[in-house]
Amino acid sequence: LVVLSPDAGGAPRAEHYASKLKTELGFIYKKRDYTKPNCVSESILLGEVRGKDVLLVDDMVDTGGTVVSTIKLLKIKEKARAVYFHRRRIGKPWDQ
C-alpha cells in the first residue's frame with residue numbers, strides 16, 4: 001500500500017496516514033498554468049506505485065479534476081494495481 005497526496009501541499013497529511021498505517025508515501029507534484037482556472041499542465045509522481053494499491057488522500061474537492069487526472073496517471077501511466085480515494089473533511093460541515 002502507498003498513501004499518496006494529489007499535491008505537494010497535502011504531503012504532510014499523507015505522511016501522517018502513511019506513518020499510522022506503517023506503509024509507503026508518495027505525492028504528485030503539479031505544474032500549473034496560472035493563466036487558466038484549475039489548469040494543471042503536468043503531473044509528476046514522486047514515489048513508486050507500480051503493482052501496488054494506492055490510498056489517495058485529499059482534504060477538499062472543487063471540480064474533481066485533480067482526483068480524476070491523478071487516478072488516470074496512477075492507473076494508466078504508472079500501473080498502480082488499485083486506487084482508493086479518501087477525502088478528509090476539515091472543520092464542521094456547516095463551516096464548509
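Description of the structure in this document.

What counts and what doesn't
- Residues numbered from 1 in each chain as written.
- Predicted model: local features only at pLDDT ≥ 70, side-chain atom pairs only at ≥ 80, totals over all residues.
- Heavy atoms only, no water.
- Pairing = 2+ DSSP bridges.
- Helix = DSSP H or I, 4+ residues; strand = E, 2+ residues; numbered from the N terminus.
- Axes fitted to C-alpha atoms, helices over the stretch in contact; angles between N-to-C directions.
- Contact = heavy atoms within 4.5 Å.
- Salt bridge = Lys/Arg side-chain N within 4 Å of Asp/Glu carboxyl O.
- Buried < 20%, exposed > 50% of the residue type's maximum accessible area, 1.4 Å probe, protein only.
- Core = buried A, V, L, I, M, F, W, Y, C linked by side-chain atoms within 4.5 Å.

### Some thoughts on the sheet that holds strand β1 (residues 2-5)
Then, number 1: Read from one edge to the other, the open sheet built from five strands follows the order β3-β2-β1-β4-β5, with strand pairing classed as mixed. The open sheet terminates on both sides in strands that have one partner only, identified here as β3 (40-46) and β5 (82-87). Neighbouring strand axes in the sheet, compared pairwise and without regard to direction, differ in orientation by 25 degrees on average.
Then, number 2: Here strand β4 (residues 53-58) pairs with β5 via six bridges, running parallel. Bridged to Asp58 within β5 is Arg87.
Then, number 3: Contacts between helix α1 (residues 11-21) and the sheet are confined to β1, β2 (24-32), β4 and β5, with β1 contributing the most and set at about 165 degrees to the helix.
Then, number 4: With respect to the sheet, helix α2 (residues 65-77) is in contact with β1, β2, β3, β4 and β5, its orientation differing from that of β5 by roughly 155 degrees.

### A look at the pattern of salt bridges
Then, number 1: One pass over the full model with this rule turns up four salt bridges.
Then, number 2: Notably, a salt bridge pairs Lys31 with Glu42, separated by 3.6 Å at the nearest N-O pair. In this pair, Lys31 is assigned in strand β2 and Glu42 in strand β3, connecting sequence segments 11 residues apart.
Then, number 3: Classification of Lys31 as partly exposed rests on a relative accessible area of 36%.
Then, number 4: Linking Lys36 and Asp33 is a salt bridge whose minimum nitrogen-to-oxygen distance equals 3.7 Å.

### Description of the nonpolar core
Then, number 1: Val2, Leu4, Ile28, Leu45, Val49, Val54, Leu56, Val67, Leu73, Leu74 and Ala80 form the largest nonpolar core, which has 11 residues in total.
Then, number 2: Counting only elements with at least two residues in this core, the list comes to β1, β4 and α2.
Then, number 3: At three residues, the largest contribution of residues to this core is made by α2.
Then, number 4: What Leu56 contacts, discounting residues up to four positions off in sequence, is Leu4, Ser5, Pro6, Val67, Thr70, Ile71, Val83, Tyr84, Phe85 and His86.
Then, number 5: Ranked by size, the runner-up nonpolar core spans five residues in total, among them Val3, Ala18, Leu55 and Val57.

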